[in-house]
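One-letter residues, chain by chain:
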Amino acid sequence: MSLPTPHDHTIDLQLAPPDLRPWREGGSGVDHVHVRASGRPGPTVMLQALTHGNELCGAIALDWLLRQDVRPLHGRLVLAFANMAAFNRFDARSPFESRCVDEDLNRVWEDAVLHGPGDTLELRRARELRPFIDSADVLLDLHSMQEAGAPPLAICGMTDKSLSLARALGQPETLLVDTGHAGGLRLIDRGGFADPASPRQALLIECGAHWEAVSAEMAIDVSLRFLRHLGMVDAAWADAHLRCPLPPRQRLLRVGEGIAARSQAFQFLMPTHHLMVIPRAGTLLAEDQGHRFVTPHDDCVLVMPSHRAGQAGQTMVRLGRYEA
Ligand SMILES: [Zn+2]
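Residues numbered from 1 in each chain as written. Predicted model: local features only at pLDDT ≥ 70, side-chain atom pairs only at ≥ 80, totals over all residues. Heavy atoms only, no water.

Caption draft 1: Broad picture of the packing of aromatic side chains. With the rule as written, the count across this model stands at 5 aromatic pairs. Relative to Trp 211, the ring of Phe 96 lies with its centre 5.1 Å away and its plane at 75°, an arrangement referred to as edge-to-face. Placement of the pair is Phe 96 in the loop between helix H2 (84–87) and helix H3 (111–114) and Trp 211 in the loop between strand E7 (201–209) and helix H6 (213–229), with a sequence separation of 115 residues. Comparing Phe 96 with Trp 211 shows no difference in burial state: the two are buried. (Phe/Tyr/Trp six-rings, centres within 6.5 Å; stacked < 30°, edge-to-face > 60°. Helix = DSSP H or I, 4+ residues; strand = E, 2+ residues; numbered from the N terminus. Buried < 20%, exposed > 50% of the residue type's maximum accessible area, 1.4 Å probe, protein only.)

Okay, structure coming up:
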């Protein structure tokens, strides 16, 4: 099995970064944030790409929507290219290195962090994006994954409140409710998006593997289904541009504990892949400096196992089970 490394020049990049220079001015006062108002009452609907600067599929989807000159039929539409500083450093010879510049933009969304003393490049950008995010009634955050061929999934947050949105989209097949990240608050878990008493909803879509053509198709497809469901665009127009068939059904995966590396010596003791199911509880899965990690329950599903060398504290895999 050949595993990608940050300096692996053999990675097959099927996607190229779109030219986003034409989209710098979006009428919002903030670079690469587009706000389009219908002049009619309705929700504020936001799509965000490039929370991670090297995840090109979302940028391709938003570039496509802008080239179609998408305009909302009601309410307000916000299209944001988030981590432009990281995206602008994208280098096809080392595509993993432009995920972020100083820190992960998807771990900074707690107010205490946003309003704190930190001054990283990502925090500065998050502070620019925050007013748009906090104005959004519904938000879609477009991402991609590390593992080749990884099937797409929707991360619905830490509660069930956004599941109805994911089910209304019908896409993708796997819906995930999890426990968030110890390393910091994700965008979809911010404020009202995570408050069961608030009607606001947010989904993070992992559209497929980084740089695989199918992930861009999925990003466009889910974005269209999202805009159509919310009445933002003409349904017949959206239907005419859908890219991916609906799965026969959607499955809910509840994710519990994650396994974090204790050192760089962490290693899986079996070949692993995303959404792999391990039937028996107690199966030896990984080890790290003599510590052994076993599956905690039957039919344990591996979520996005990391195939890159870990650092102490880094989540290497998360474990879940399908809900009947
Ligand atoms: Zn991402």
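Caption draft 2: Quick peek at the sheet that holds strand E12 (residues 291–294). Pairing in this open sheet of 3 strands is antiparallel, and the strands run E9-E11-E12 from one edge to the other. Of all strands in the sheet, those bounded by a partner on one side alone are strand E9 (267–268) and E12. One ladder, built from 4 bridges, connects strand E11 (residues 284–288) with E12; its direction is antiparallel. When the bridges of E12 are listed, Glu 287 appears paired with Arg 292. (Pairing = 2+ DSSP bridges.)

Caption draft 3: Broad picture of the layout of surface pockets. Empty space within the largest pocket amounts to approximately 1300 Å³. Forming the walls of the largest pocket are 45 residues, and the residues nearest its centre are Arg 99, Asp 104, Arg 107, Gln 314 and Thr 315. Secondary structure elements with two or more residues in the lining of the largest pocket: strand E4 (138–145), E7, strand E8 (251–260) and strand E14 (315–322). Grouping the constituent residues of the lining of the largest pocket by class yields 14 nonpolar, 19 polar and 12 charged. Counting contributing residues per domain, the lining of the largest pocket is built from domain 1 (21–249) and domain 2 (256–322), each supplying no fewer than three. (1 Å grid on protein atoms, 1.4 Å probe; cavity = no way out; pocket = protein on both sides within 12 Å on 5 of 7 lines; lining within 4 Å. Points joined across faces, edges and corners; volume = space filled by probe spheres on them. Nonpolar A, V, L, I, M, F, W, Y, C, P; charged D, E, K, R; others polar. Domains from an automatic or database assignment.)

Caption draft 4: Representation of helix H1 (residues 56–67) in the model. Helix length check: H1 (12 residues) gives 16 Å between terminal C-alpha atoms against 16 Å at 1.5 Å per residue, within 8%. Most of H1 sits out of view: 11 of its 12 residues are buried. Within H1, burial applies to Leu 56, Cys 57, Gly 58, Ala 59, Ile 60, Ala 61, Leu 62, Asp 63, Trp 64, Leu 65 and Leu 66. Positive backbone phi, approximately 55°, marks Asp 69, located one or two places after H1. (Expected span 1.5 Å × (residues − 1).)

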